[in-house]
Amino acid sequence: MAADRPPSVDTLARSLAPTGLPHPVLVDVAREAIAAGDAASAPARAAEAARRLLGPVVNATGVLLHTNLGRAPLAVHAEAAYSNLELDLDTGQRGSRQDRVGPLLARACGAEAAVVVNNGAAALLLALAALAPGQRVSVSRGELIEIGGGFRIPDVLASSGAELVEVGTTNRTRLADYRTAGEVALALKVHPSNYRLTGFTESVSVRDLVTLGAPVLVDIGSGLLDAATPWLPAGPPPWLHGEPAARQTLDDGASLVTFSGDKLLGGPQAGVIAGRADLVATCAAHPLARALRPGSLVLGALQDVALAYLRREPDAIPFWRMATAPVELLRSRAIALGVGAVVDCASVTGGGTLPGVELASAGVALDGDRLATLRACDPPIIARVEDGRTICDLRTVDPADDAHLAAALKEP
Ligand SMILES: *Cc1c(COP(=O)(O)O)cnc(C)c1O
């Protein structure tokens, strides 16, 4: 009978919108309720999912530094408060700090699971230590890179206890080179984020690498979650072209990806391991995971970022808001400053991402080197000098700071 048909997943999910959870999360909730043959339980399930998110709690235990409540109360932008960091609100027992942010990030990039550590280097170190202890890991010689701050792939491999098997040459590595290298526990592919190899070059794609049989771990670096950028109404900006993304790398057959929280992801300093649930669980269970775990500050900030992606609210992520601001808007702000000469200039993503890529931008130029004067302002202003002129690029300036910038530039 038509009247007995369960509601569609989408209709049910939409009816749950008042919970404030992002639609994809509500779709999962609705699906679970329908699968359990109990569509009527969906609102309770959604309320439960909303309540399980990181948030403030009242600590009436009398334990000032309660581990399950995030130890000391945290004061960031809000009042000092305890949180449900390691508290399971259902049972009142100790829970896991990893069971909220990881699943949200996994949902946003189509991974089965994800675990969060302190930074991208830690993510790679943990994955290698957990998945290939004392075992052979193949890496192309073209990917034995240094990221900066002493992060060198051969060193990370050595400290993880895995055995580096170098494959191919600096500029050309083929699938046959991986075959010659023999059996490995893991094939590692590293995105050379901060430089470009051009000319007579060849490398092996993830799709080809997986045909060899060993699990493929890809350090994509920057934390672009999805090359299709569903969170941007206008789609992917042209400057993103060629940047490896978590979703597509996993779709190509990689077992795991690792990436940073504070590059193109736009979150706090953190590292993420995402992919196959069994391998993520092995990483999370390794003793190093405890040494590399993030605090509630980072997890709370990363949860906000993950929710913004799932809600498709790029303006809630400053990186995307600034990166996608139309140049005409920047130019009109530059005109409105009323000081110096309005100039077209070029921004870069920086932070070891997208080398050589420039984003058209606008700002103002003043004669001479004014860097020291600007740094002495309160708050300090950091600009750059080009051809004897001081350039202030408005792409990275919060519009709320335009008045301060204008006043500082008008100083003689
Ligand atoms: C940036 C980067 C890292 C290091 O990440 P951190 O979060 O800075 O530790 C590792 N691998 C690649 C490919 C990177 O681009």
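Preceding this section is the structure that the text describes.
All values reported here derive from a predicted model rather than from experimental measurement.

What counts and how
Residues numbered from 1 in each chain as written. Predicted model: local features only at pLDDT ≥ 70, side-chain atom pairs only at ≥ 80, totals over all residues. Heavy atoms only, no water. Salt bridge = Lys/Arg side-chain N within 4 Å of Asp/Glu carboxyl O. Buried < 20%, exposed > 50% of the residue type's maximum accessible area, 1.4 Å probe, protein only. Helix = DSSP H or I, 4+ residues; strand = E, 2+ residues; numbered from the N terminus. Pairing = 2+ DSSP bridges. Axes fitted to C-alpha atoms, helices over the stretch in contact; angles between N-to-C directions. Parallel < 35°, antiparallel > 145°, perpendicular 65-115°, else oblique. Left-handed = near helix turned anticlockwise from the far one by under 90°. Contact = heavy atoms within 4.5 Å. Nonpolar A, V, L, I, M, F, W, Y, C, P; charged D, E, K, R; others polar. Near = heavy atom within 4 Å. Polar contact = N/O pair within 3.5 Å; in protein donor to acceptor, adjacent residues only side chain to side chain. Areas by Shrake-Rupley, 256 points an atom, 1.4 Å probe, with all protein chains shown as cover. Core = buried A, V, L, I, M, F, W, Y, C linked by side-chain atoms within 4.5 Å.

Q: How should I be thinking about the pattern of salt bridges in this particular structure?
A: The full count for this structure, using the stated rule, is 22 salt bridges. Here Glu 86 and Arg 94 are joined by a salt bridge, their closest N and O atoms 2.5 Å apart. Here Glu 86 falls in the buried class, since its relative accessible area comes to 4%. For Asp 226, the salt bridge identified is with Arg 247, shortest N-O distance 2.8 Å. Of the two residues, Asp 226 sits in the loop between β7 (216-221) and α9 (246-251) while Arg 247 sits in helix α9, which places them 21 residues apart along the sequence. Given the relative accessible area of 5%, Asp 226 is considered buried. With a relative accessible area of 26%, Arg 247 lands in the partly exposed category. By sharing partners, the salt bridges in this structure join Glu 86, Arg 94, Arg 97 and Arg 293 into a single network.

Q: Looking at this structure, I do not really get the pairing of strand β6 (residues 186-190). What am I missing?
A: Every regular strand shows the same layout, with side chains that alternate between the two sheet faces. The buried count for β6 comes to 5 of 5 residues, which makes it a mostly enclosed element. With burial as the criterion, each face of β6 is covered, one bearing Leu 186, Leu 188 and Val 190 and the other bearing Ala 187 and Lys 189. Pairing of strand β4 (residues 136-140) with β6 involves 2 bridges; the strand directions are parallel. What sits directly across from Ser 138, in β6, is Ala 187.

Q: Would you mind showing me how to read the packing of helix α2 (residues 23-35) against helix α3 (residues 42-52) here?
A: Each packed pair of helices is defined by two parameters, the angle between the axes and the distance between the axes. Where α2 contacts α3, the two axes come as close as 9 Å, and the packing angle between them is 135°. Here α3 runs oblique to α2, going by the angle between their axes. In this structure, α2 crosses over α3, and the sense of that crossing is right-handed. Contacts between α2 and α3 involve Leu 26, Val 29, Glu 32 and Ala 33 on the former and, on the latter, Ala 42, Arg 45, Ala 46 and Ala 49. Classifying every residue of the contact of α2 with α3 gives 6 nonpolar, no polar and 2 charged.

Q: It is not clear to me how the site of the ligand should be interpreted in this structure. Could you clarify?
A: Near the ligand you find Asn 119, Gly 120, Ala 121, Ile 147, Phe 151, His 191, Ser 193, Asp 219, Gly 221, Ser 260 and Lys 263, and these make up its full shell. Contact between the ligand and Gly 120: an oxygen atom at 2.7 Å from a main-chain N or O atom of the residue. With respect to the ligand, the side chain of Asp 219 contributes an N or O atom lying 2.5 Å from a nitrogen atom. For the ligand, whose unbound accessible area comes to 380 Å², protein coverage reaches 88%. Elements represented by at least two residues in the shell around the ligand include exactly α5 (120-131) and β7.

Q: How should the side chain of Arg 333 be read in this particular structure?
A: Considering the arrangement of structural elements, one finds Arg 333 in helix α14 (residues 327-337). With a relative accessible area of 14%, Arg 333 lands in the buried category. In contact with Arg 333, other than residues within four places in its own chain, are Leu 394, Val 397, Asp 398, Pro 399 and Asp 402.

Q: Any chance you could explain the sheet that holds strand β13 (residues 389-393) here in plain terms?
A: Overall, antiparallel pairing links the 4 strands, which are arranged β10-β11-β13-β12 in an open sheet. Two strands lie at the open edges of the sheet, namely β10 (341-347) and β12 (384-386), each paired on one side alone. Geometrically, the sheet is characterised by an average inter-axis angle of 45° between neighbouring strands, direction not taken into account. Two elements, β12 and β13, share 3 bridges in a ladder whose sense is antiparallel. Bridged to Glu 386 within β13 is Arg 389. Its contacts with the sheet place α14 against β10 and β11 (359-367), and it is angled at close to 15° to β11.

Q: Got a minute to help me understand the nonpolar core in this structure?
A: Generally speaking, soluble globular proteins have nonpolar side chains that are buried together. Counting 68 residues, the largest nonpolar core has Phe 259, Tyr 309 and Trp 320 as the members making the most contacts within it. If one sorts the elements of this core by residue count, helix α12 (residues 296-310) sits on top with 9 residues. In contact with Tyr 309, other than residues within four places in its own chain, are Ala 108, Leu 225, Trp 231, Leu 264, Leu 265, Gly 266, Ile 317 and Trp 320. Formed by 32 residues, the second largest nonpolar core is a distinct cluster that contains Ala 122, Val 156, Ala 162 and Leu 279.

Q: Would you explain the environment of Ile 220 in this entry?
A: Tracing the sequence through the fold places Ile 220 in strand β7. Judged by its relative accessible area of 0%, Ile 220 is buried. With 27 residues separating them in the primary sequence, Ile 220 and Ser 193 have C-alpha atoms 7.9 Å apart. Once residues lying within four places of it in the same chain are set aside, the contact partners of Ile 220 are His 191, Glu 243, Pro 244, Ala 245, Ala 246, Thr 249, Val 257, Thr 258 and Phe 259.

Q: Any chance you could explain the sheet that holds β7 here in plain terms?
A: In sheet architecture, strand pairing relies on hydrogen bonds along the backbone and comes in two forms, parallel and antiparallel. Here 7 strands make up an open sheet; going across it, the order is β3-β9-β8-β7-β6-β4-β5 and the pairing mixed. Edge positions in the open sheet fall to β3 (113-117) and β5 (163-167), since each of these has one partner strand only. Shown here is a sheet whose adjacent strand axes are inclined to one another by a mean of 25°, direction ignored. One ladder, built from 5 bridges, connects β3 with strand β9 (residues 271-275); its direction is antiparallel. Counted as the bridge partner of Ala 113 is Gly 275 from β9.

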